[in-house]
Amino acid sequence: MNPFPDDIFTEPENVDPNGLANLGPLRRLAGVWEGRKGLDVNPKADGPERREYIERIEMTPIDPQANGPQLFYGLRYHVRIIAVGEETTFHDQVGYWLWEPATGLVMQSLAIPRGQTALAGGKATETGLKVSARRGETEYGISSTAFLEHAFRTESYTLEITFHDDGSWSYISDTMLAVLGQEGLFQHRDHNTLTKVAEPQGNPLMRRQDGLDL
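Keep in mind that what you see is a predicted model, and the values were worked out from it rather than measured. (Residues numbered from 1 in each chain as written. Predicted model: local features only at pLDDT ≥ 70, side-chain atom pairs only at ≥ 80, totals over all residues. Heavy atoms only, no water.)

### Digging into the overall build of the protein chain
No. 1: Broken down by element type, the protein chain carries two helices and 12 strands.
No. 2: Listed by position from the N terminus, the elements making up the protein chain come as β-β-β-β-β-β-β-β-β-α-β-β-β-α.
No. 3: Taken over the C-alpha trace, the protein chain has a radius of gyration of 19 Å; the compact-globule value for 214 residues is 17 Å, and the two agree within 12%.
No. 4: Structurally, the protein chain occupies a C-alpha span of about 60 × 45 × 30 Å along its principal axes.
No. 5: Per-residue burial over the protein chain gives 42% buried out of 214 residues.
No. 6: Sequence separation of 24 or more characterises 52% of the internal contacts of the protein chain that already satisfy a separation of 6 or more.
No. 7: With 20 positive and 31 negative side-chain charges, the protein chain shows a separation of 5 Å between the mean positions of the two kinds. (Helix = DSSP H or I, 4+ residues; strand = E, 2+ residues; numbered from the N terminus. Rg over C-alpha atoms; globule rule 2.2 N^0.38 Å. Buried < 20%, exposed > 50% of the residue type's maximum accessible area, 1.4 Å probe, protein only. Contact = heavy atoms within 4.5 Å. Lys, Arg positive; Asp, Glu negative; His and termini not counted. Charge placed at Lys NZ, Arg CZ, Asp CG, Glu CD.)

In structure tokens, the structure reads:
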């Protein structure tokens, strides 16, 4: 059954411009966050490597976005991760978290500067959020460079976020990899707990209405 309306062009009217107030389950992610107890388990030639890391995430509300009748509120984000005792960034990631109030759909788009992008979809859970993507899917899928497809092929991606009573949140990220020369799939796992270090600003439209700069 087709869940979409016949009119695919007409955009919603009387849209509330306040992005921060309409984030639904994403509201608790808005702001600037830091975590210092991250753990990354990744594949190496001689076996899995465990690496502790420090993380900073900035999540900024965006103006409401429409695909014809479809309406999203969301957050633009930037993740920077460094290994404990090092200064060079070993993981940088940008993207969007999106919320569709009409359906309860939650999406995460991501791009990393090693030639990989993904769009993951899911829902809010009783305790947080869960999204996933699979290689080969045309809706919630994964796209990689030829080298990554050859040597470290990503079969699936799942991110589960848990909100805590003290305002912090934690995540577990599982990426299933087919590593060249190794049998089976490798479970590349990252997890960390994030604490808010700065409150979010309003989305650009609200800032303009308040007389603030873009």
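Following the structure, the description resumes.
### Some words on the pairing of strand β2 (residues 49–61)
Across a regular strand the side chains alternate sides, sitting on one face of the sheet and then on the other.
No. 1: Note: strand β1 (residues 31–42) against β2, 10 bridges, orientation antiparallel. From the neighbouring strand, G38 faces β2, where its bridge partner is Y53.
No. 2: Counted along the chain from β1 to the antiparallel partner β2, the turn is six residues long, and its residue G47 has a positive phi close to 125°. (Pairing = 2+ DSSP bridges.)

### A closer look at the nonpolar core
No. 1: One finds L26, L29, W97, I161 and W169 to be the most contacted residues of the largest nonpolar core, which totals 32 residues.
No. 2: If you list the elements that add at least two residues to this core, you get β2, β4 (70–83), β5 (89–100), β6 (105–112), β7 (116–124), β8 (128–134), β10 (152–163) and β11 (169–179).
No. 3: A total of six residues in this core trace back to one element, the largest contributor, which is β4.
No. 4: Grouped together as the second largest cluster of nonpolar side chains are five residues, I62, F72, L98 and L105 included. (Core = buried A, V, L, I, M, F, W, Y, C linked by side-chain atoms within 4.5 Å.)

### Regarding the environment of T162
No. 1: Assignment of secondary structure puts T162 in strand β10.
No. 2: Residues T162 and T193 lie 31 residues apart in sequence; the distance between their C-alpha atoms is 9.2 Å.
No. 3: Those residues in contact with T162 that lie beyond four places of it in its chain are T127, G128, S168, W169 and S170.

### Concerning the layout of surface pockets
No. 1: If you add up the space inside the largest pocket, you get close to 920 Å³.
No. 2: The greatest single-element share of the lining of the largest pocket, amounting to six residues, is contributed by β2.
No. 3: Split into classes, the residues belonging to the lining of the largest pocket amount to 21 nonpolar, nine polar and seven charged.
No. 4: Empty space within the second largest pocket amounts to approximately 520 Å³. (1 Å grid on protein atoms, 1.4 Å probe; cavity = no way out; pocket = protein on both sides within 12 Å on 5 of 7 lines; lining within 4 Å. Points joined across faces, edges and corners; volume = space filled by probe spheres on them. Nonpolar A, V, L, I, M, F, W, Y, C, P; charged D, E, K, R; others polar.)

### Focus on the packing of aromatic side chains
Here the distance between the centres and the angle between the planes together describe a pair of aromatic rings.
No. 1: Applying the stated criterion across every chain yields a total of four aromatic pairs.
No. 2: Ring geometry for W33 versus W169: centroids 5.8 Å apart, planes at 75°, classification edge-to-face. One end of the pair, W33, is in strand β1; the other, W169, is in strand β11, and 136 residues separate them in sequence. Here W33 and W169 have matching classes, each one buried.
No. 3: Taken together, the ring pairs in this structure connect W33, W169 and Y171 into an aromatic cluster.
No. 4: R51 extends its terminal NZ or CZ atom over the ring of F90, reaching a point 4.7 Å from the ring centre. (Phe/Tyr/Trp six-rings, centres within 6.5 Å; stacked < 30°, edge-to-face > 60°. Lys NZ or Arg CZ within 6 Å of the ring centre and 35° of its normal.)

### Brief notes about the side chain of S156
No. 1: Following the sequence through the fold, S156 ends up in strand β10.
No. 2: The residues touching S156, leaving out its near neighbours within four places in the chain, are A133, R134, I142, D174, T175 and M176.

### Focus on the pairing of β5
No. 1: Inspection of the sheet shows β4 paired to β5 by 10 bridges, in the antiparallel sense. Looking at β5, one finds that L75 is bridged to W97.
No. 2: Turn length for the β4-β5 hairpin, with the two strands adjacent in sequence and antiparallel, is five residues, and the turn residue G85 shows positive phi of about 85°.
No. 3: The sheet contact formed by β5 and β6 spans seven bridges and is antiparallel. In the strand pairing of β6, L98 is matched with M107.
No. 4: What sits between β5 and β6 in their antiparallel hairpin is a turn of four residues, with G104 showing a positive phi close to 80°.

Geometric values such as these leave the question of function open.
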